[in-house]
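# Observations on chain architecture
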Amino acid sequence: MSPRQRGIIIDRSGGGPWLTSCGDSVLPTAEWDITVLTPKAPSRAPDGIRVRILPEFNPSNLRREVEGVTTHGPLAGISTTSEHFLGLVAHLREEFGVVGHGVEYTTRMRDKWLMKQVAVRHGVPIQPGCLTWDMDCWLKEVDHKYGFVLKPRCESGAVGVRMLEDERALRRAVFELQHPESYIIEARSPHPIIHADVLVVEGEPLIEVSRYERPCHVSGGRIPLSSFTIDDGALRDEATALVWSIMDAWEVHDDVLHIELFADPSGLRLLELAGRPGAAGVPAVFEHTRGINLQHAKTQLDLGVDPRPFATSPLARHAGWTVIYAPCPEPVSVEDAGLRGHVTRRIMVEDTRIDGVAGLGVATYSFAADSVNEVRALISRYEARVNVRPIGDRGISK
């Protein structure tokens with residue numbers, strides 16, 4: 001019997017990328033000797049998986065743990081689904097001679113300024129932007145009547161993003177930055193944002209296309225963030241064609257992508273992409289309509305395992321999700337006992353500190369149905385009727 005291959009999973013989510021809903025491993029433990037590095041213990045871990053709890057979950061401690069595992073033999077793979085640790089994992093692969101996406105590939109997926117350079121070179125339409133030190137010249141050339149977006153070059157989602165109404169507010173915000181070289185500026189767009197979520201195996205993509213219910217930057221507090229799959233055939237075809245162009249430009253052969261696009265009247269325009277699963281209800285929706293969990297697929301691909309044999313039958317033609325936010329930074333309770341119609345439900349009320357533009361989602365629901373209208377009706381019902389309020393507050397918070 002051949003020895004098991006060694007792999008490491010860096011996970012700060014509590015088990016989602018490497019555990020099924022039944023608590024089983026997403027990897028064949030007979031073939032893999034897996035060490036999971038995590039800041040908190042999962043509710044359960046299957047036999048054959050070693051869980052190392054690191055309360056100080058930082059790059060130096062993670063590197064030390066990886067080095068310790070390598071003393072027992074070579075590593076066959078290192079994986080993470082967290083945007084925050086993609087760069088670290090790429091460096092660790094190169095340092096310890098591990099197969100997988102390296103620093104150059106990962107930087108193209110994370111650095112939003114480099115994204116624009118890649119897009120321009122390959123003719124991929126992209127939202128105009130500039131580095132902070134090029135602001136004066138750029139402002140003379142670009143239509144910015146809708147305002148600006150100031151965002152970190154390398155962060156996930158809405159972390160550190162600021163929406164600014166005019167040039168005066170932009171200049172003030174840039175002046176206040178401690179590290180302006182780490183930020184880019186974009187012209188704000190008034191157009192809807194759609195997202196393409198993609199599993200790429202051996203150069204072949206499996207794609208789901210969805211649209212946000214409302215602009216992402218207005219979500220948070222009492223306003224939910226929601227998304228639903230689309231049934232516009234022409235828009236799906238256009239998004240699919242753009243996904244192929246992006247795969248070619250970024251040299252994607254085996255990976256999971258989350259791509260956000262502006263639905264500009266002149267055509268789809270790339271906002272940004274990430275080499276990881278989308279957050280919130282994105283993995284659940286992809287599983288509902290495509291039969292594959294994108295978090296599991298990312299872990300499997302990083303360790304050289306084909307995720308396609310693990311696919312299940314899709315639940316429905318369409319799906320969607322909604323995230324309900326905490327209206328305040330205090331501890332909250334979620335009241336949803338009378339609601340029926342969701343497929344998955346995730347409640348997280350232990351920590352409601354603000355995280356990014358929208359805040360922290362405390363309740364996430366996913367839905368599946370055979371029509372977009374049915375999905376949107378479920379989303380509307382949950383947006384209106386899930387009640388999140390401070391613990392001890394007898395009044396209604398929504």
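Scroll up to find the structure.
Residues numbered from 1 in each chain as written. Predicted model: local features only at pLDDT ≥ 70, side-chain atom pairs only at ≥ 80, totals over all residues. Heavy atoms only, no water.

Time to look at the overall build of the protein chain. Each helix and strand in the protein chain was counted, giving 10 helices and 18 strands. Taken over the C-alpha trace, the protein chain has a radius of gyration of 21 Å; the compact-globule value for 398 residues is 21 Å, and the two agree within 12%. Once the C-alpha set of the protein chain is aligned to its principal axes, its extents read approximately 65 × 50 × 45 Å. For the protein chain, buried positions account for 52% of its 398 residues. (Helix = DSSP H or I, 4+ residues; strand = E, 2+ residues; numbered from the N terminus. Rg over C-alpha atoms; globule rule 2.2 N^0.38 Å. Buried < 20%, exposed > 50% of the residue type's maximum accessible area, 1.4 Å probe, protein only.)

Right, let's talk about helix α10 (residues 372-385) for a bit. The periodicity of an α-helix, 3.6 residues per turn, causes residues three or four positions apart to be oriented the same way. For α10, with 14 residues, the first-to-last C-alpha span of 20 Å sits near the 20 Å given by 1.5 Å per residue. Within α10, the full set of buried residues consists of V372, V375, L378, I379, Y382 and E383. Seen from one end, α10 has its buried residues packed into an arc of 130°, which puts them on one side. Facing away from the buried side of α10, by more than 90 degrees, are the exposed residues N373 and A384. Tucked inside the fold, the buried residues of α10 contact β11 (225-229), β14 (318-325) and β17 (361-369). (Expected span 1.5 Å × (residues − 1). Arc of directions from axis to C-beta. Contact = heavy atoms within 4.5 Å.)

Turning to the pattern of salt bridges, a few remarks are in order. Evaluation of the coordinates by the stated rule reveals 26 salt bridges. When the shortest N-O distance is used, the salt bridge between R4 and D33 registers 3.9 Å. Here R4 is found in the segment before β1 (5-10), whereas its partner D33 is found in strand β2 (residues 32-38), with 29 residues between them in sequence. On the basis of relative accessible area, R4 is assigned to the partly exposed category, the value being 34%. D33 gets classed as buried once you look at its relative accessible area, which sits at 15%. (Salt bridge = Lys/Arg side-chain N within 4 Å of Asp/Glu carboxyl O.)

Counting residues in hydrophobic clusters, the biggest one holds 48 residues, and the most contacted among them are W250, I259 and L270. If one sorts the elements of this core by residue count, helix α7 (residues 233-250) sits on top with eight residues. (Core = buried A, V, L, I, M, F, W, Y, C linked by side-chain atoms within 4.5 Å.)

Let's shift gears to the packing of aromatic side chains. Inspection of every chain in the model, using the stated rule, returns five aromatic pairs. Geometrically, the ring pair formed by W138 and F148 is tilted, given 6.2 Å between the ring centres and 55° between the ring planes. One end of the pair, W138, is in helix α5 (residues 135-141); the other, F148, is in strand β6 (residues 148-152), with 10 residues separating them in the sequence. With a relative accessible area of 0%, F148 lands in the buried category. (Phe/Tyr/Trp six-rings, centres within 6.5 Å; stacked < 30°, edge-to-face > 60°.)

Let us now look at the side chain of T106. Mapped onto the elements of the fold, T106 is located in helix α3 (residues 103-110). What makes T106 buried here is its relative accessible area of 8%. The contacts of T106, once residues within four sequence positions are left out, are L86, G87, A90 and H101.

Within β14, eight of the eight residues are buried, leaving the element largely enclosed by the surrounding structure. Burial of β14 is two-sided: the residues H318, G320, T322 and I324 facing one way and the residues A319, W321, V323 and Y325 facing the other way are all buried. Relative to β14, β11 runs antiparallel, the two sharing four bridges. By the bridge assignment for β14, S227 is matched with W321. Here eight bridges tie β14 to β17, and the two strands are oriented antiparallel to one another. Bridging from a neighbouring strand, G320 pairs with F367 of β17. (Pairing = 2+ DSSP bridges.)

So, on to the packing of helix α2 (residues 83-96) against α3. It is at 9 Å that the axes of α2 and α3 come closest, and there the two elements cross at 165°. Comparing the axis directions of α2 and α3 gives the class roughly antiparallel. Crossing geometry of α2 relative to α3 is assigned as left-handed. When α2 is examined against α3, the residues E83, L86, G87, A90, H91 and E94 are found in contact with a partner set consisting of V103, T106 and R110. The residue makeup of the contact of α2 with α3, split by class, is three nonpolar, three polar and three charged. (Axes fitted to C-alpha atoms, helices over the stretch in contact; angles between N-to-C directions. Parallel < 35°, antiparallel > 145°, perpendicular 65-115°, else oblique. Left-handed = near helix turned anticlockwise from the far one by under 90°. Nonpolar A, V, L, I, M, F, W, Y, C, P; charged D, E, K, R; others polar.)

Right, let's talk about the sheet that holds β1 for a bit. Strand-to-strand pairing in sheets goes through backbone hydrogen bonds, with the strands running parallel or antiparallel. If you trace the four strands from one edge of the open sheet to the other, you get β3-β2-β1-β4, paired in parallel fashion. Among the strands making up the open sheet, the edge pair consists of β3 (49-53) and β4 (77-80). When the angles between neighbouring strand axes are averaged without regard to direction, this sheet yields 20°. Across four bridges, the pairing between β1 and β4 is parallel. The residue of β4 that forms the bridge with I9 is S79. Its contacts with the sheet place α2 against β1 and β4, and it is angled at close to 175° to β4. The strands that helix α9 (residues 294-302) touches are β1 and β4; relative to β4, the one it contacts most, it runs at about 160°.

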